[in-house]
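Report on the structure
Chain residues, written in single-letter form:
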Amino acid sequence: MTKATEVSTQAEGTSTQSADRSTQAGAGAPVRVAVLGAGTVGAAVVRRLQERSDLYAARLGRPLELVGVAVRDLERERDGVDRSLLTDDAESLVDRADVVVEVMGGIEPARSLIERAMRRGAQVVTANKQLLAQQGLELEALAEECGVALEGEAAVMAAIPVMAVVRDSLAGDVISSISGIVNGSTNFILDLVAREGVGFEEAVRRAGELGYLEADPTEDLEGLDAAAKIVLLARAAWGQPVTLDDVRRRGISGLTDSDFHDASGMGGVIKLVASAWRSGSPERPRVEVAVRPVALPREDPLAQARGGANVVIIEAESAGTLRLHGAGAGGDETASAVLGDIVRAARRA
Ligand SMILES: NC(=O)c1ccc[n+]([C@@H]2O[C@H](COP(=O)([O-])OP(=O)(O)OC[C@H]3O[C@@H](n4cnc5c(N)ncnc54)[C@H](OP(=O)(O)O)[C@@H]3O)[C@@H](O)[C@H]2O)c1
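Here's what I pulled together on the structure shown here. (Residues numbered from 1 in each chain as written. Predicted model: local features only at pLDDT ≥ 70, side-chain atom pairs only at ≥ 80, totals over all residues. Heavy atoms only, no water.)

1. Details of the environment of Ser 176
By secondary structure assignment, the location of Ser 176 is in strand 7 (residues 175-181). Residues within four places of Ser 176 in sequence aside, it is in contact with Trp 238, Ala 276, Trp 277, Arg 278, Glu 315 and Ala 316. (Helix = DSSP H or I, 4+ residues; strand = E, 2+ residues; numbered from the N terminus. Contact = heavy atoms within 4.5 Å.)

In structure tokens:
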């Protein structure tokens, strides 16, 4: 991500748009915010932007003006989202914003809309972990070229501000490893098996019924979601161009009841652990990344994660061991991180 403190460099072809922006969003003028998506996360973001408009105006010294919300289906009722804000023309909406908030998910049209926003000089906030893991390096380069921010705290562990800790708070330290339970859906399943003795297949079925799994549960069960998050953390920690191909990945779908019996017999529990660690020197770090089911002793801090909770442990040379724990999903929880990014992005607008 482009750091908030970086000095903007004016890219060729963006000067006209940026000049427009500076006249519209000068001192005291509203910062125009466009939200792309009004699902679980987008609707929560929109509600909070409206409820907290006075608070944000006081914090920023200028108001945040919600100029529109892009969706596919204009007819659907959306709790707390004013119909007059909705549009199915996301491109035009992007063109009217100083800060574009992408919470639609998927690769396209999310990527094209983000590129369009950047080329017009708008700051970008996204919660889209797959897009950032697959194409974040190119998008970061474009953000740099256009002199705008690309903020993505919500993409990794939702409400838990782990990207800021790894990238900014520990920027002067030397991180040696990061490991965590970063996927709440699989943790819910594994916890159900370990603590309630539910069979593995039954636990997967219950997780689906309770809405913990996507219609296509592959992303969670095969560790793809966890892989995207650990790639983003590794990039932030060591500044290396780590990709999804670098991840040694094994999900939980191949586990059997006898794996759980064996782990339990040894006083342990199985968790899906995402980890990244540095090999090589601090000056020339080589980064290893993995996602795999691991049998952990019950007293291990990662084994303490209950239900859909997330936990991450960071080891750094001077800071020692840091542990962050909290909600890794949910509309309001994810909105907390998105809103933080919006406020940060608005300071640059
Ligand atoms: N849910 C979480 O707990 C969570 C946590 C962390 C990160 N995230 C990330 O946040 C993003 C959004 O997740 P979500 O759970 O809010 O998804 P969601 O509930 O499926 O909502 C997606 C929204 O985007 C809109 N949309 C999708 N494609 C569109 C298009 N082509 N044009 C216009 N609008 C479009 C949808 O419109 P319609 O409503 O009209 O279909 C919907 O309002 C994803 O990248 C996800 O990975 C989610």
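2. Digging into the sheet that holds strand 11 (residues 309-316)
Read across the sheet, six strands follow the order 8-10-9-7-11-12 without closing on themselves; strand pairing throughout is mixed. Two strands in the sheet have a free side with no partner beyond their single neighbour: strand 8 (247-249) and strand 12 (320-327). When the angles between neighbouring strand axes are averaged without regard to direction, this sheet yields 15°. Here 13 bridges tie strand 9 (residues 268-280) to strand 10 (residues 285-297), and the two strands are oriented antiparallel to one another. (Pairing = 2+ DSSP bridges. Axes fitted to C-alpha atoms, helices over the stretch in contact; angles between N-to-C directions.)

3. So, the packing of aromatic side chains
Inspection of every chain in the model, using the stated rule, returns two aromatic pairs. With 5.5 Å between their ring centres and 35° between their planes, Phe 200 and Phe 260 make a pair best called tilted. Separated by 60 residues along the polypeptide, Phe 200 in helix 9 (residues 200-209) and Phe 260 in helix 12 (residues 257-265) bring together distant segments of the chain. (Phe/Tyr/Trp six-rings, centres within 6.5 Å; stacked < 30°, edge-to-face > 60°.)

4. What about the pairing of strand 1 (residues 31-36)?
Summarising burial for strand 1: six of the six residues are buried, a large majority. Residues of strand 1 alternate between two faces, with Val 31, Val 33 and Val 35 on one and Arg 32, Ala 34 and Leu 36 on the opposite face, all of them buried. Across six bridges, the pairing between strand 1 and strand 2 (residues 64-70) is parallel. The residue bridging Arg 32 from the neighbouring strand is Glu 65, located in strand 2. Pairing between strand 1 and strand 4 (residues 99-102): four bridges, direction parallel. Across the sheet, the residue bridging to Val 35 is Val 101, located in strand 4. (Buried < 20%, exposed > 50% of the residue type's maximum accessible area, 1.4 Å probe, protein only.)

5. Examining unusual backbone geometry
The omega torsion across Glu 108 and Pro 109 is 10°, close enough to zero to call that bond cis. Position of Pro 109 among the secondary structure elements: in the loop between strand 4 and helix 5 (110-119). Backbone geometry places Met 157, a non-glycine residue, at a positive phi of 60°. Tracing the sequence through the fold places Met 157 in the loop between strand 6 (150-151) and helix 7 (162-169). Judged by relative accessible area, Met 157 falls into the buried class, the value being 0%. The phi angle at Ala 158 is positive, at roughly 45°, despite the residue not being glycine. For Ala 158, the location among the structural elements is in the loop between strand 6 and helix 7. Judged by its relative accessible area of 2%, Ala 158 is buried.

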